Amino acid sequence: MNSFIVIEGICCSGKTTFCDMLINTLNEYRIAYSYNHGAFSSTNIGNELKNNSNKMNWFIGNSFYITDLLINTKNVIKPSLERNLVIQDRYTDSITTFISAYGK
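This section reports on the structure supplied with the text.

### A look at the overall build of the protein
A count of helices and strands for the protein gives 4 helices and 3 strands. Counted from the first residue to the last, the protein has its helices and strands arranged as β-α-β-α-α-β-α. Across the 104 residues that make up the protein, the buried fraction comes to 35%. For the protein, the exposed area adds up to about 6,400 Å²; of that, 58% sits on carbon and sulfur atoms.

Dropping the structure here:
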């Protein structure tokens with residue numbers, strides 16, 4: 001099963017909680033999956049950028065986010081999708097909202 005399931009929503013709306021429940025169900029049915037929390041959280045450089053995004057202006061923070069999203073898509077999502085189902089906690093909308101909310 002090669003599917004890309006994205007869970008989007010505003011901050012603290014229950015995305016990760018829902019992903020945890022979905023993962024528990026997939027485990028019960030022994031369905032192979034990969035879980036990805038997305039750009040700014042799946043790589044060391046992404047975590048570093050996230051930690052420093054509040055010190056950057058909006059344009060630079062979003063530029064770093066887009067760069068990390070592209071790297072994450074190429075190096076994490078695409079290889080995982082070739083093997084199995086991918087559950088993506090945030091992809092674009094909620095991350096850009098996150099950057100805007102915490103960037104200033």
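### Some remarks on the side chain of Thr73
Mapped onto the elements of the fold, Thr73 is located in helix H3 (residues 58-83). Residue classification places Thr73 among the buried residues on the basis of a relative accessible area of 16%. Residues within four places of Thr73 in sequence aside, it is in contact with Lys78, Pro79 and Tyr91.

Conventions adopted
- Residues numbered from 1 in each chain as written.
- Predicted model: local features only at pLDDT ≥ 70, side-chain atom pairs only at ≥ 80, totals over all residues.
- Heavy atoms only, no water.
- Helix = DSSP H or I, 4+ residues; strand = E, 2+ residues; numbered from the N terminus.
- Buried < 20%, exposed > 50% of the residue type's maximum accessible area, 1.4 Å probe, protein only.
- Areas by Shrake-Rupley, 256 points an atom, 1.4 Å probe, with all protein chains shown as cover.
- Contact = heavy atoms within 4.5 Å.

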